[in-house]
Structures are given as structure tokens and as C-alpha cells.
Amino acid sequence: MSDVVLTLEGVEKFYNKGLANEICVLSGADLALKPGELVALVAPSGAGKSTLLHIAGLLDEADSGSVDIDGKTLSGKSDRRRTRARREDIGFVYQFHHLLPEFSALENIALPQMANGVSKSDAETRGRELLETVGVAHRAKHRPAELSGGEQQRVAFCRALANKPRILLADEPTGNLDPATSDQVFDALMKLVRETGLAALVATHNMELAARMDRVVRLENGVLVDG
Ligand SMILES: Nc1ncnc2c1ncn2[C@@H]1O[C@H](COP(=O)(O)OP(=O)(O)OP(=O)(O)O)[C@@H](O)[C@H]1O
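Not measured: the values here are computed from a predicted model.

### As for empty space enclosed by the protein
Line of reasoning, step 1. Tallied over the entire structure, the rule returns one cavity of 30 Å³ or more.
Line of reasoning, step 2. Roughly 60 Å³ of internal volume is contained in the largest cavity.
Line of reasoning, step 3. Forming the boundary of the largest cavity are Phe157, Glu172, Pro173, Thr174, Val185, Phe186, Leu189, Val202, Ala203, Thr204, Leu209 and Met213.
Line of reasoning, step 4. Of all the secondary structure elements, the ones that give two or more residues to the lining of the largest cavity are helix 6 (179-196) and strand 8 (199-203).
Line of reasoning, step 5. With three residues, the single largest contributor to the lining of the largest cavity is helix 6.

Shown next as C-alpha cells:
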């Protein structure tokens, strides 16, 4: 098996293609992400971080180039195939938690597993373990509105990892948190990555957090460069 879990090669993305307001956001982006590595994605606002994460997470299609998971190309494949790969292999976290408001923290983590055929008791056991890892076990029965912003994001990470994906993509997960809370959420993320061996790509504007990750890639003029 290859030691690269997610590969992007020559990814190009245009918006409004063929129109007067056409813009090229990605112009040949390459990335290789290995299991167990936590990589920061940094770029100025509007440079295309969300676009890149959506393409890497199979939520959007590139205009050209390829996205491979474990060496299998998924770009250009049927929606069904891409949806399956997304469900099995990818966890996504956004700037705002997107937890289901009417369910508790634990239920938010258990439900995606139950949708994949896991029993309620097994799903809740895994949910409790994940909450324990990120230090929110004591809030398991609380609904999202009863949690702090940092707790909500830690639960969102647990939900993203509920079905044991190999890849975690996070789009400014600490973007709306104060510095101390960002640190706390980041510590939880680091612990999850180290304990699960997953590959994580995390977009952030926070250069201190970026510097704590295993490496930094910058999105510049539509391509990814080290550093
Ligand atoms: N659906 C769309 N149609 C047209 N233009 C778009 C669309 N989505 C994004 N863009 C443009 O593409 C560029 C990249 O957007 P994107 O959201 O990927 O940047 P970003 O680096 O994530 O920004 P931020 O840090 O502000 O979230 C921006 O100029 C944006 O206006």
C-alpha cells in the first residue's frame, strides 16, 4: 500500500468558466498527504482554501487534474462512487460546527455511525470514547446550544471522525474562537490525529497554530508551495 492517502495532482478550478468574469482559483495544485500527518493550509482570504478543501473532500469537482485516495482516482467518477468514498474515507469540519441542534453531543456523533449500520450501543460507546479524548465527555448529554464554541468544535471533530475516516479536512475550524479556546480545540485535534493516525489538512489564518503542525503548505497564485 502506498504511504500517501490523499493525492492531488495538477488540480485546476475556474469559476464562471467562459464568462467575462471567469476566475482561475486553482491552476495546478499538487498535494500528497500521508497517514498520521497534520498539515496546515494557509493563504490570504479569497485565495481558494475552501475551494481546494471541497475538491479534496470530493464535495466539488476540479476542472482538470486528479484527486486520488489510496492511489485510486476519484475525480471524474460517478456521483455514487464519489459519495461512497466521501462517506467512508473523509471527515469534514467547518468554521461553524453544523451540529444538529435538536440532538445531544453524543447523539450527533452516534447518528452518522447508525446510518452506516452500527448498533446504537456501539455507536454511543465510540461516541463516548471520542468525547473523552477531546475532554468533552461531561457534556455528552448537552445539546449544541448548551455548549461553548470550543466544545461545539471539539464535538464537530468527534462527529467527523465517528465513522473512522482516513482523511480529515477542516476549513478554519478555529476561525471564530478566541486564542485560548483555539489552542484548546487545536490540542484536541492534535490528540485525535496522533491517536487515530489519520491524515489531516487544516486551513487556518492562525500562524501560531500552523507552526505547531507537522508542515505548512501555502496556496499562492493557484498552486501549493511548501512552507
Ligand atoms: N461559487 C462561486 N462562484 C464564483 N466565484 C466563487 C465561488 N466560490 C468561490 N468563488 C471565488 O473564488 C475565490 C476563492 O474562494 P474560496 O472561498 O475558495 O477562498 P478562501 O481562501 O477559502 O477564502 P476565505 O479565507 O475568505 O474563506 C474567491 O475569489 C471567491 O470569491
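### Some points on the side chain of threonine 7
Line of reasoning, step 1. Counting through the fold element by element, threonine 7 comes out in strand 1 (residues 6-15).
Line of reasoning, step 2. Look past the residues within four positions of threonine 7 in its chain and what remains in contact with it is Leu31, Ser66, Val67 and Asp68.

### Some remarks on the layout of surface pockets
Picture a little ball the size of a water molecule; that probe, rolled over the atoms, points out where space is still empty.
Line of reasoning, step 1. Its boundaries defined by the atoms lining it, the largest pocket holds a volume of some 510 Å³.
Line of reasoning, step 2. Lining of the largest pocket is provided by 16 residues; of these, Arg86, Arg87, Ile90, Gly91 and Phe92 occupy positions nearest its centre.
Line of reasoning, step 3. If one sorts the elements of the lining of the largest pocket by residue count, strand 6 (residues 90-93) sits on top with three residues.
Line of reasoning, step 4. A class-by-class count of the residues in the lining of the largest pocket yields nine nonpolar, four polar and three charged.

### Describing the site of the ligand
Line of reasoning, step 1. Near the ligand you find 14 residues, and of these Ser45, Gly46, Lys49, Ser50 and Thr51 are the closest.
Line of reasoning, step 2. Alanine 47 places a main-chain nitrogen or oxygen 3.2 Å from an oxygen atom of the ligand.
Line of reasoning, step 3. Note that an oxygen atom of the ligand is positioned 3.2 Å from one of the side-chain N or O atoms of glutamate 172.
Line of reasoning, step 4. Elements supplying a minimum of two residues to the shell around the ligand: strand 2 (23-33) and helix 1 (49-56).
Line of reasoning, step 5. Its residues placed into classes, the shell around the ligand shows five nonpolar, seven polar and two charged.

### Describing the nonpolar core
Line of reasoning, step 1. Counting 38 residues, the largest nonpolar core has Leu38, Leu131, Val155, Phe157, Leu168 and Leu189 as the members making the most contacts within it.
Line of reasoning, step 2. Contributions of two or more residues to this core are made by strand 3 (38-42), helix 3 (105-115), helix 4 (120-133), helix 5 (149-161), strand 7 (167-171), helix 6, strand 8 and helix 7 (207-212).
Line of reasoning, step 3. Counting residues per element, this core draws most heavily on helix 6, at seven residues.
Line of reasoning, step 4. Once you skip the residues sitting within four places of it in the chain, leucine 131 turns out to touch Leu106, Ile109, Val136, Ala137, Ala140, Val155 and Cys158.
Line of reasoning, step 5. Leu26, Leu41, Ala85 and Leu201 belong to the second largest nonpolar core, which has 32 residues in total.

### A look at helix 6
Line of reasoning, step 1. Along its 18 residues, helix 6 runs 26 Å from first to last C-alpha, staying within 8% of the 26 Å computed at 1.5 Å per residue.
Line of reasoning, step 2. All buried positions along helix 6 are accounted for by Thr181, Ser182, Val185, Phe186, Ala188, Leu189, Met190, Leu192 and Val193.
Line of reasoning, step 3. Buried positions along helix 6 lie against strand 3, helix 4, helix 5, strand 7, strand 8 and helix 7.
Line of reasoning, step 4. The distance from a side-chain oxygen at the start of helix 6 to the backbone nitrogen of alanine 180 is 3.1 Å, and the residue carrying that oxygen is aspartate 178.

### Things to note about the environment of alanine 199
Line of reasoning, step 1. Tracing the backbone through its elements, the reader meets alanine 199 in strand 8.
Line of reasoning, step 2. Each C-alpha atom of the pair alanine 199 and glycine 91 lies 10 Å from the other, and the pair is 108 residues apart in sequence.

### Quick notes on the pattern of salt bridges
Line of reasoning, step 1. Under the counting rule described, the total for this entry stands at 13 salt bridges.
Line of reasoning, step 2. The partner of glutamate 37 in a salt bridge is arginine 215, with the nearest N and O atoms 2.9 Å apart. Residue glutamate 37 is found in the loop between strand 2 and strand 3, and its partner arginine 215 is found in strand 9 (residues 215-220); the two are separated by 178 residues along the sequence.
Line of reasoning, step 3. Classification of glutamate 37 as buried rests on a relative accessible area of 12%.
Line of reasoning, step 4. For lysine 120, the salt bridge identified is with glutamate 124, shortest N-O distance 3.8 Å. Placement of the pair is lysine 120 and glutamate 124 together in helix 4, with a separation of four residues, close to one helical turn.
Line of reasoning, step 5. Since its relative accessible area comes to 52%, lysine 120 is described here as exposed.
Line of reasoning, step 6. Residue classification places glutamate 124 among the buried positions, given a relative accessible area of 18%.
Line of reasoning, step 7. Members of the salt-bridge network, linked through shared partners, are Lys120, Glu124 and Arg128.

Rules used in this analysis
Residues numbered from 1 in each chain as written. Predicted model: local features only at pLDDT ≥ 70, side-chain atom pairs only at ≥ 80, totals over all residues. Heavy atoms only, no water. 1 Å grid on protein atoms, 1.4 Å probe; cavity = no way out; pocket = protein on both sides within 12 Å on 5 of 7 lines; lining within 4 Å. Points joined across faces, edges and corners; volume = space filled by probe spheres on them. Helix = DSSP H or I, 4+ residues; strand = E, 2+ residues; numbered from the N terminus. Contact = heavy atoms within 4.5 Å. Nonpolar A, V, L, I, M, F, W, Y, C, P; charged D, E, K, R; others polar. Near = heavy atom within 4 Å. Polar contact = N/O pair within 3.5 Å; in protein donor to acceptor, adjacent residues only side chain to side chain. Core = buried A, V, L, I, M, F, W, Y, C linked by side-chain atoms within 4.5 Å. Buried < 20%, exposed > 50% of the residue type's maximum accessible area, 1.4 Å probe, protein only. Expected span 1.5 Å × (residues − 1). Salt bridge = Lys/Arg side-chain N within 4 Å of Asp/Glu carboxyl O.

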